[in-house]
Amino acid sequence: MDDHFPLRPLWDCANCGQAWPCANAKADLTLAYVGNQTALLIFLSLRKWDAFEDFATAGAVPSDLHERFVGWAREDRP
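About the cut-offs
- Residues numbered from 1 in each chain as written.
- Predicted model: local features only at pLDDT ≥ 70, side-chain atom pairs only at ≥ 80, totals over all residues.
- Heavy atoms only, no water.
- Helix = DSSP H or I, 4+ residues; strand = E, 2+ residues; numbered from the N terminus.
- Buried < 20%, exposed > 50% of the residue type's maximum accessible area, 1.4 Å probe, protein only.
- Contact = heavy atoms within 4.5 Å.
- Salt bridge = Lys/Arg side-chain N within 4 Å of Asp/Glu carboxyl O.
- Core = buried A, V, L, I, M, F, W, Y, C linked by side-chain atoms within 4.5 Å.

Draft legend 1. Looking closely at the overall build of the chain. Counting its secondary structure elements, the chain contains 3 helices and 2 strands. In sequence order, the secondary structure elements of the chain are arranged as β-β-α-α-α. Its C-alpha atoms put the chain at 35 × 25 × 20 Å along the principal axes. When the 78 residues of the chain are sorted by exposure, 29% land in the buried category. Contacts in the chain between residues at least 24 apart in sequence constitute 44% of all its contacts with a sequence separation of at least 6.

The following block contains the structure:
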């Protein structure tokens, strides 16, 4: 995960330039939190609020912020 971390305040991946968490960061986070879904969701929720603050300061909060940061990691996804 060291290579795919977010660059603030834009929240793009430092390695690939995609919106963070990028596909590689998602894969790394999934492996890092195997067996501890709750901790993963807490970590992602905290990053979501960090991103919300950065985007709000810039004047434009993306409408998909929850899905981007938390929704993809939920076990109960359809």
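Draft legend 2. The pattern of salt bridges, seen in detail. Using the criterion set out here, one finds 2 salt bridges in the structure. One salt bridge in this structure joins Arg8 and Asp54, with 2.7 Å as the shortest N-O distance. With Arg8 in the loop between strand E1 (6-7) and strand E2 (12-13) and Asp54 in helix H2 (residues 37-58), this residue pair connects regions lying 46 residues apart in the sequence. Given a relative accessible area of 16%, Asp54 falls into the buried group. Linking Arg47 and Asp50 is a salt bridge whose minimum nitrogen-to-oxygen distance equals 3.0 Å. Residue Arg47 and its partner Asp50 are located together in helix H2, separated by 3 residues, close to a single helical turn.

Draft legend 3. Quick peek at the nonpolar core. Trp11, Trp20, Leu29, Leu44, Ala51 and Phe69 are the most contacted members of the largest nonpolar core, which totals 16 residues. Contributions of two or more residues to this core are made by helix H1 (23-32), H2 and helix H3 (65-69). When sequence neighbours within four positions are dropped, the list of residues in contact with Ala51 reads Trp11, Leu65 and Phe69.

Draft legend 4. Up close: unusual backbone geometry. Of the consecutive residues Arg8 and Pro9, the connecting peptide bond is found in the cis state with omega at 10 degrees. Here Pro9 shows up in the loop between E1 and E2. In this structure, Pro21 follows Trp20 across a cis peptide bond, with omega equal to 5 degrees. For Pro21, the location among the structural elements is in the loop between E2 and H1. Of note, the phi angle at Trp11 is positive, near 60 degrees, even though the residue is not glycine.

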